[in-house]
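# Report on the structure
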Amino acid sequence: MALQTDLPANSMQNFRPLADFPPTEWGFSFVSFSFPEMEFESYNRQVEELKNIVMGMLMASKKDPVENVEFINLLCRLGVSYHFETEIEDQVDYVHDSLPYLLENNDHDLHTVALLFRVLRQNGCKVSSDVFKKFKDTNGEFKKTITSDVKGNLSLHEAAHLSVNGEQILDEALEFSRTNLESLATQSGPRLARHIKYALIRPIHKTVQRLEAREYISFYEEEDFRNETLLKFAKLDFNRVQLLHQQELSTLSSWWKDLNLVEELPYARDRIVEMYFWVNAMHFEPQYALARILSTKLGALITVIDDTYDAYSTYEELQHFTKAVIRCNIDAIDQLPTDSMKALYRALLSYFDDVANEVSKNGKSFTAVKYVKEEMKEMIRTYIVEAQWCNDRFVPPLNEYVRNGKISIGFMATTTVFFVVETARIKELEWLTSKAKISEAGCLFLRLMNDIVTHEFEQKREHCASAIECYMKEYGVSMNEAVKELQKTCADAWKDINEDCLKPTAISMNLLKVCVNNARATDVVYESNDAYTNASCLKGRISLLFVEKISL
């Protein structure tokens, strides 16, 4: 693992930059899972019975717009809003249309205004951030009278994360509420303090929805005025969907075991379970099972390919592999120099065939699969560019690095698979791959978040320069200064993501959510370190979602 900085560039041709990645935390433990049909059917019956009752509660809440939005927020936070998508969309649109009258004729408190703002924006409604001006004094600062309002500050903090570029009042609101909440947490009881601290680390808008549901169910269970029917519905549904996720993990683990890449490519990360955690975050709902399975398979293959480029193969070997992937034909396998590369190449071609078969089986356009292949080819081209930079010991200008890195990070490849399975319509696929603002921002966010937490580990071996090194060299600053500036860029990327989700949107909100949720997964996985590589850091969260039931 020692850096061989004394080697001349041309001697890098046969150098293997081994990374010594941590082993898997799960092995093939999910392979043996046996789906409990009777238990699942029991959950199904109870969920359907309670769903009708909860639907009645949702419709009854329409009599009061604020109560309606409060109830919708509750459904979202408990992880069951997907059962009522059409009803929620109609009700949110109605509240949005009546919002000017609602705000003008009522002196709502900070919590209510912030909640209305957040829920409406999360559902794509354009609400002006000027609604918060009433909470400022004549000096243009937030009023001191609201600094001790815990509920109001929590809601303001959550709302501020829905900002778009140019909304200074929300930037100020974020700083104001954060400062207040940090102080209020020290003055609150243990339960409320835990809730405040969690909100500061994991705001609703920037967390994985299933993690939010799991956390909020436990918090809501301790509420004095909880709705017992709604709580039971959320618990039953969580356990019901968890069984479906366990079944998917079993299917994926069996596929991964049969591929035998763990044995044939021992230098690479074995992360099929962690990749499923990431893809599950993109859409956890039962109807997206096939998209999850195919996206996870590609993500696992990309991980191994990435490690083949970054942490094992020589530059000469990589040139052969790059040409083979661009040809995308089994005949090219004879040009590959190692058995491990041949095994990996066969697995990739087999995967493309699987996607084509599944898409065709579901009556969708076979030609849509070409978008997955093209994204993979483009990503491979960026891999060899980075390999050449490493081989030449070249630190590129930041813009050049980022342009290449937004593709090499793989955001587009797995997102494209989701689009292919869920729509396969050329219109949406063309939109996604034509550098839409949300996809560009998602790629940038993932690239920079990854670099910020991985660059120190990667630079311990021979590795391409990251955005950190590029920034340091170009601007002559320290590592800490480079990190701070790139974190600002990440914050701006989130604003671009938020902006592209405001109506009228170019495509359906469910497809846009694939991009949003991909960014949310990024935020969770890379919040303080590279939890994907250091998989022990994700083990607790994965257990909560896919192993541990909620007690009823």
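Keep in mind that what you see is a predicted model, and the values were worked out from it rather than measured.

Conventions we followed
Residues numbered from 1 in each chain as written. Predicted model: local features only at pLDDT ≥ 70, side-chain atom pairs only at ≥ 80, totals over all residues. Heavy atoms only, no water. Helix = DSSP H or I, 4+ residues; strand = E, 2+ residues; numbered from the N terminus. Rg over C-alpha atoms; globule rule 2.2 N^0.38 Å. Buried < 20%, exposed > 50% of the residue type's maximum accessible area, 1.4 Å probe, protein only. Contact = heavy atoms within 4.5 Å. Areas by Shrake-Rupley, 256 points an atom, 1.4 Å probe, with all protein chains shown as cover. Lys, Arg positive; Asp, Glu negative; His and termini not counted. Charge placed at Lys NZ, Arg CZ, Asp CG, Glu CD. pLDDT = per-residue confidence, 0-100. Arc of directions from axis to C-beta. Axes fitted to C-alpha atoms, helices over the stretch in contact; angles between N-to-C directions. Parallel < 35°, antiparallel > 145°, perpendicular 65-115°, else oblique. Left-handed = near helix turned anticlockwise from the far one by under 90°. Nonpolar A, V, L, I, M, F, W, Y, C, P; charged D, E, K, R; others polar. Expected span 1.5 Å × (residues − 1). Salt bridge = Lys/Arg side-chain N within 4 Å of Asp/Glu carboxyl O. Polar contact = N/O pair within 3.5 Å; in protein donor to acceptor, adjacent residues only side chain to side chain.

Turning our attention to the overall build of the protein chain. Helix and strand counts for the protein chain come out as 24 helices and 0 strands. Taken against the 2.2 N^0.38 rule, which gives 24 Å for 552 residues, the C-alpha radius of gyration of the protein chain at 24 Å falls within 12% of a compact globule. For the protein chain, the spread of C-alpha atoms along the three principal axes comes to 75 × 60 × 45 Å. Across the 552 residues that make up the protein chain, the buried fraction comes to 56%. Expressed as a percentage of contacts within the protein chain between residues at least 6 apart in sequence, the contacts between residues at least 24 apart total 75%. In the form shown here, the protein chain has an accessible surface area of approximately 23,200 Å², with 50% of it arising from carbon and sulfur atoms. One way to put it: in the protein chain the 62 positive side-chain charges average out to a point 1 Å from where the 82 negative ones average out.

Bringing the confidence of the model for the protein chain into the picture now. Per-residue pLDDT for the protein chain averages 93, and the proportion of residues at 70 or more is 95%. Taken together, the stretch residues 1–12 has pLDDT below 50 and engages in 24 contacts with residues farther than four places along the chain or on a different chain.

Once that is clear, we can look at helix α24 (residues 536–546). Within the span of α24, buried status applies to L538, I542, S543, L545 and F546. Taken end-on, α24 shows its buried residues confined to a sector of 165 degrees, consistent with a single buried face. Among the structural elements, α9 (209–220), α10 (228–259), α12 (272–282) and α23 (509–525) are those in contact with the buried residues of α24.

On to the side chain of N73. Positionally, N73 belongs in helix α2 (residues 65–77). On the basis of relative accessibility, which here comes to 10%, the residue N73 falls in the buried class. The residues contacting N73, other than those within four sequence positions of it, are L115, R118 and V119.

The next thing to look at is the packing of helix α1 (residues 37–60) against α10. Helix-helix packing: each pair is described by the crossing angle between the helix axes and the interaxial distance. Orientation of α1 relative to α10, taken along the N-to-C sense of each, is 140 degrees, at an axis distance of 9 Å. Taken together, α1 and α10 sit at an angle that is classed as oblique. For the crossing formed where α1 meets α10, the hand is left-handed. In this structure, α1 contributes E39, F40, Y43, N44, Q46, V47, L50, K51, I53, V54 and M57 to the contact, and α10 contributes T229, L230, K232, F233, L236, D237, N239, R240, L243 and L244. Tallied by class, residues from the contact of α1 with α10 come to 12 nonpolar, 4 polar and 5 charged.

One turn of the α-helix equals 3.6 residues, which is why residues spaced by three or four share an orientation. The end-to-end C-alpha distance of helix α14 (residues 315–327), which contains 13 residues, comes to 19 Å, matching closely the 18 Å that a straight helix rising 1.5 Å per residue would cover. When we look at burial in α14, the residues that qualify are Y315, E317, L318, F321, T322, A324 and V325. The elements touched by buried residues of α14 are α13 (289–310), α15 (339–361) and α16 (369–392).

This brings us to the environment of Y216. The residue Y216 is located in helix α9 in this model. Note on Y216: relative accessible area 10%, which makes it buried. Taking the C-alpha atoms as reference points, Y216 and H195, 21 residues apart in sequence, are found 9.1 Å from one another. Ignoring any residue separated from it by four or fewer positions in sequence, one finds Y216 in contact with L74, R77, L78 and H195.

A separate point is the pattern of salt bridges. Between side chains of opposite charge, a pair can form as their charged atoms come close. This model, assessed by the stated rule, comprises 30 salt bridges. For D306, the salt bridge is made with R269, and the minimal N-O distance between the two is 3.2 Å. Taken together, the residues span a long stretch of sequence, with D306 in helix α13 and R269 in the loop between α11 (261–264) and α12 at a distance of 37 residues. An identical accessibility class is assigned to D306 and R269; each is buried. Residues E440 and K406 are paired through a salt bridge, measuring 2.7 Å at the closest nitrogen-oxygen approach. Of this pair, E440 sits in helix α20 (residues 437–458) while K406 sits in helix α17 (residues 398–408), and the two are 34 residues apart along the sequence. Connected through shared salt-bridge partners, R202, D523, E527 and R541 make up one network.

Turning our attention to the packing of helix α21 (residues 467–475) against helix α22 (residues 479–499). Two numbers describe how α21 lies on α22: the axes approach to 9 Å, and their chain directions differ by 110 degrees. Taken together, the axis directions place α21 and α22 in an arrangement best described as roughly perpendicular. Of the two possible hands of crossing, α21 and α22 adopt the one that is right-handed. Along the contact surface, α21 presents A467, I468, Y471 and M472, while α22 presents M479, A482, V483, E485 and L486. Split into classes, the residues belonging to the contact of α21 with α22 amount to 8 nonpolar, no polar and 1 charged.

Moving on to the environment of K503. Relative to the assigned elements, K503 resides in the loop between α22 and α23. Judged by its relative accessible area of 27%, K503 falls in the partly exposed class. It is 6.0 Å that separates the C-alpha atoms of K503 and C125, two residues lying 378 residues apart in sequence. Those residues within four positions of K503 in sequence are excluded, and the remaining contacts are E89, D93, N123, G124 and K126. A distance of 3.0 Å separates polar atoms of two side chains, one belonging to K503 and the other to D93.

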